[in-house]
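# Survey of secondary and tertiary structure
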There are 2 protein chains.
Amino acid sequence: MQGEGLLRVTGDDGERTDAARNRRLLLDAAAEIVATCGAERLTTDAVARRAGVGKGTVFRRFGSRAGLMHALADEAGREFQQAFMSGPPPLGPGAPPLERLIAFGEASIARMRLDGQILRATEQQGGPDLEHPTQRLVRLHLAILLRGIGASDPEVGAYHLAAVLNAGLLLHLQDDRGMSVERLTASWAALVSALAA
Amino acid sequence: MQGEGLLRVTGDDGERTDAARNRRLLLDAAAEIVATCGAERLTTDAVARRAGVGKGTVFRRFGSRAGLMHALADEAGREFQQAFMSGPPPLGPGAPPLERLIAFGEASIARMRLDGQILRATEQQGGPDLEHPTQRLVRLHLAILLRGIGASDPEVGAYHLAAVLNAGLLLHLQDDRGMSVERLTASWAALVSALAA
DNA sequence: GAATAAAACGGACCGTGGTCCGCTTGACCC
DNA sequence: GGGTCAAGCGGACCACGGTCCGTTTTATTC
C-alpha cells in the first residue's frame, strides 16, 4: 500500500489499523457506559463486551482501567485544554496572569458539572497519576502563571494549586457538602490573589 | 460482673470482649505486615491469617481494607494529634496562629518519613475519605488557625490546606521528584503566610 | 499470491477486596 | 449451673482488575 521498507510502522501513530479501530470502539463503548451507568459502575469486562473485543485488548490499549479513564478524560478535556492554552482571554493568553489564574480555577470548577465524574474516576485507585501528561501540562500552565504573579517556587506551587482543584475534592464540596460554585470560585480567587504578593 | 439490665452492652465501647481482642490481634498483625512488606503489599487475607481469625472478621471490625488502614493510621497519629491539640508551642496552643500553621505543615511533612506509607494507603482506593473523623479534626484545627490569621472562608480554606498536605502528594514530591523537606516546608510557609493578609 | 514476522487479539486464569449466611460464643438473667 | 439470644465468627463465595500465552491478523517483501 505505501511501501516503507525498514519500519513496520503503518498507522498514523505507528498503530496498526485494527488496533486503532479497536481503540475507538473501546473509547466509544466506555463513554456510553459512563453515560448510562456512571463512571463508578464501569467495568473493564463490560467495556470489552460492549466494544465486541476481548478483555486483553482493553489492557493492551490502555494499560489499566485508570488508563482508559484517562484517555476518556483527555478526550473530554481537549476543548478545555485548548481554551486555556490558546483560547480567548481571560482564560487564554492576553490577560494578566492573576486574572488568568482566577479564570482557570473558575473554568475547572465549572467543568466538574460536566465531566467531574470521569475526572474523579481517573484520580481514584492508586491515587492520582501526578505525572500523567495532562496533569503535567496543567501544572506547567499553573507554574507559568504563578511565576507571572511573582510567587515563590512556582513549581511546588503548581502542585499545590492542582491539589486544590482535584476533582474528588471539588465534587465532594459541591455535592456532599452543598457548597455553591460561587463560594468555591471565591475561595479560589482569594487563594491565588493572596499568592500574588 | 456488672449487671446492667437493659442494654446488652459490655465492653468499654459496647464491644464484646472477643471482638475487642480480635481487633487488637488484627491491628497488631496489620502493623507487622506493614513493617515487613510495606503497606502496599498488605492483603486482607494475610492480615486475617496472621491474626488467626477469619477474613470476615476483618471486614466486620474495619469495614474495608481502607478502614483498617485508617485505624492503623489513627494509632500512629495519636501522638501527632495530641501534639497539635495540646502540646507545647509553636505546634500546640500558645503561639500566634500563623506560627502554628507553619509548624503544623512542618510537622506533617516531617511525619511522612515515619508513617507516610500508611497515610498514603488510607488515601488510595476510592479517594481519601474526607469526612473521616481524623480528617475532620485536622480540618477543624486548620480552620481555627485560618480564622486566627484573618483568612476569608476558613472552612473551604481548611479543605485546601488539607489537600496540599495529603500524603500521596507529599511522598511523591519527596521520593519521586526528589524535593527536599526544606523546600516543601518553605513552600508551605510561603503559602500560609500569603493567606495571612 | 505466498511467505514471514511483528503486532494484536481473546479469553481462560489468578489474586484480592468484599459479601453472605449458617454456626459459635459471650453476656446477661434466673 | 442452665437458658436465652444478640453479637460475633469464619470461610466459601462472588466480582472485578489485571496477566498470560496460544492463535489470528496485518503489513510488508518477493
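Quick caveat: nothing in here was measured; it's all calculated off a predicted structure. (Residues numbered from 1 in each chain as written. Chains lettered and ligands numbered in written order. Predicted model: local features only at pLDDT ≥ 70, side-chain atom pairs only at ≥ 80, totals over all residues. Heavy atoms only, no water.)

### Quick notes on the overall build of chain A
Our working rule: The helix count covers DSSP runs of H or I at least four residues long, the strand count covers runs of E at least two residues long, and both are numbered beginning at the N terminus. Accessible surface area values rest on a Shrake-Rupley calculation with a 1.4 Å probe, where residue burial reflects the displayed protein chains alone. Neither His nor the chain ends is counted toward charge; the positive residues are Lys and Arg and the negative residues Asp and Glu. One atom stands in for each charge, and that atom is NZ of Lys, CZ of Arg, CG of Asp or CD of Glu.
When helices and strands are counted, chain A shows nine helices and zero strands. For chain A, the spread of C-alpha atoms along the three principal axes comes to 60 × 45 × 30 Å. A total accessible area of about 10200 Å² is found for chain A, and carbon and sulfur atoms account for 52% of it. Each charge class in chain A was averaged separately, 22 positive and 23 negative side chains, and the resulting centres sit 5 Å apart.

### So, the relation of the copies chain B and chain A
Copies of the same chain, two in number, are related to each other by a rotation about an axis and a translation along it. To be explicit about the condition: We place the copies in one frame by least squares, fitting the C-alpha atoms of every residue whose pLDDT is at least 70 in both. Pairs of residues are marked as contacts when any of their non-hydrogen atoms sit within 4.5 Å.
For the pair chain B and chain A, the relating rotation is 180 degrees, the translation along its axis is 0.0 Å, and the fit reaches an RMSD of 0.1 Å. Overall, the copies show the geometry of a two-fold rotation axis. Among all residues of chain B, the one whose C-alpha sits closest to the rotation axis is Q125 of chain B, at a distance of 2.1 Å. A share of 100% of interface residues in chain B that are also interface residues in chain A marks the association as one of identical surfaces.

### Some thoughts on the pattern of salt bridges
Put simply, the rule is: Between Lys or Arg on one side and Asp or Glu on the other, a salt bridge is scored when a side-chain nitrogen of the former is within 4 Å of a carboxyl oxygen of the latter. Buried, partly exposed and exposed residues are distinguished by accessible area as a fraction of the type maximum, computed with a 1.4 Å probe on protein chains only: under 20%, between the cut-offs, and over 50%, respectively.
Going through the model one piece at a time under the given rule, you end up with 30 salt bridges over all chains. Across the pair E131 of chain A and R177 of chain B runs a salt bridge, and its minimum N-O distance is 3.5 Å. Separated into two different chains, E131 of chain A in the loop between helix 5 (97–123) and helix 6 (133–148) and R177 of chain B in the loop between helix 8 (167–176) and helix 9 (181–195) make up a pair that spans both. Note that D115 of chain B and R111 of chain B form a salt bridge whose closest N and O atoms lie 3.0 Å from each other. Pair noted here: D115 of chain B and R111 of chain B are both in helix 5 (residues 97–123), with a separation of four residues, about one helical turn. Per residue, the accessibility class of D115 of chain B equals that of R111 of chain B, and both read buried.

### Points about the UniProt feature "domain: HTH tetR-type" (unreviewed entry) in chain A
Test applied: UniProt positions are given in the numbering used here, feature names are shortened, and annotations may be inferred rather than shown by experiment.
The feature "domain: HTH tetR-type" (unreviewed entry), as annotated in UniProt, sits at residues 20–80 of chain A in this numbering. This span, residues 20–80 of chain A, is 82% helix and 0% strand, and a straight line between its end C-alpha atoms measures 24 Å.

### Remarks on the interface of chain B and chain A
Keep this limit in mind: Defined here as a combined quantity, buried area equals the accessible surface (1.4 Å probe) lost by two parts on assembly, summed across both.
Contact with chain B, which involves 28 residues of that partner, is made by 28 residues of chain A. Here chain B packs against chain A, burying approximately 2500 Å² in sum over the two surfaces, 64% of which is carbon and sulfur. Among the residues of chain B in contact with chain A, V156, Y159 and H160 of chain B are the three that bury the most area, contributing 19% of the side total. The interface formed by chain B and chain A contains eight salt bridges. Across the salt bridge formed by E155 of chain A and R183 of chain B, the nearest N and O atoms sit 3.1 Å from each other.

### Section: the UniProt feature "DNA-binding region" (unreviewed entry) in chain A
According to UniProt, the feature "DNA-binding region" (unreviewed entry) maps to residues 43–62 of chain A in the numbering used here. In residues 43–62 of chain A, the share of helix is 80% and the share of strand is 0%. The end C-alpha atoms are 14 Å apart.

### Quick word on unusual backbone geometry
For the bond from P89 of chain A to P90 of chain A, the omega torsion is 10 degrees, close enough to zero to count as cis. Locating P90 of chain A in the fold gives a position in the loop between helix 4 (65–86) and helix 5. One non-glycine residue, D153 of chain B, adopts positive backbone phi at about 50 degrees. Here D153 of chain B is to be found in the loop between helix 6 (133–148) and helix 7 (154–164). Taking relative accessible area as the criterion, D153 of chain B reaches 22% and is therefore assigned partly exposed.

### Regarding the domain arrangement of chain A
Residue and element names in this part refer to chain A. The condition that has to hold: As annotated, the domain borders come from an automatic or database domain assignment. Under the scheme applied here, ten amino acids are nonpolar (Ala, Val, Leu, Ile, Met, Phe, Trp, Tyr, Cys and Pro), four are charged (Asp, Glu, Lys and Arg), and all others, including Gly, are polar.
Domain assignment breaks chain A into domain 1 (9–63) and domain 2 (72–195). Once you take the C-alpha centre of each, domain 1 and domain 2 turn out to be 28 Å apart. Taken residue by residue, the interface counts eight residues in domain 1 and seven residues in domain 2. Considering only the side of domain 1, the residues that lose the most area to domain 2 are L27, A39 and E40, jointly responsible for 60% of the buried surface there. Between the two partners, domain 1 and domain 2, sit one salt bridge. With a closest N to O distance of 3.2 Å, R24 and E75 form a salt bridge. Partitioned by chemical class, the residues of the side of domain 1 that touches domain 2 number five nonpolar, one polar and two charged.

### Digging into helix 4 of chain A
For an α-helix the count is 3.6 residues per turn, leaving residues at separations of three or four pointing the same way. Residue and element names in this part refer to chain A. Quick reminder of the rule: The span one expects for a helix is its residue count, reduced by one, times 1.5 Å. Note that bend, as reported per residue, equals the angle between axes fitted to the 7 residues terminating at that residue and the 7 residues originating from it.
With 22 residues, helix 4 extends 31 Å between its outermost C-alpha atoms, agreeing within 8% with the 32 Å of an ideal straight helix rising 1.5 Å per residue. Roughly 50 degrees is the biggest bend found in helix 4, and it falls at G77. Taken as a whole, helix 4 has its buried residues at R65, A66, L68, M69, H70, A71, L72, A73, G77, F80 and F84.

### Considering the environment of L101 of chain B
Residues and elements named next belong to chain B. Along the chain, the position of L101 falls in helix 5. Of the residues examined, L101 reaches a relative accessible area of 0% and is grouped as buried. Once the C-alpha coordinates of L101 and L91 are considered, the two residues, ten residues apart in sequence, prove to be 7.7 Å apart. Apart from the residues within four sequence positions on either side, L101 is in contact with L142, L145, L146, I149, L161, W188 and V192.

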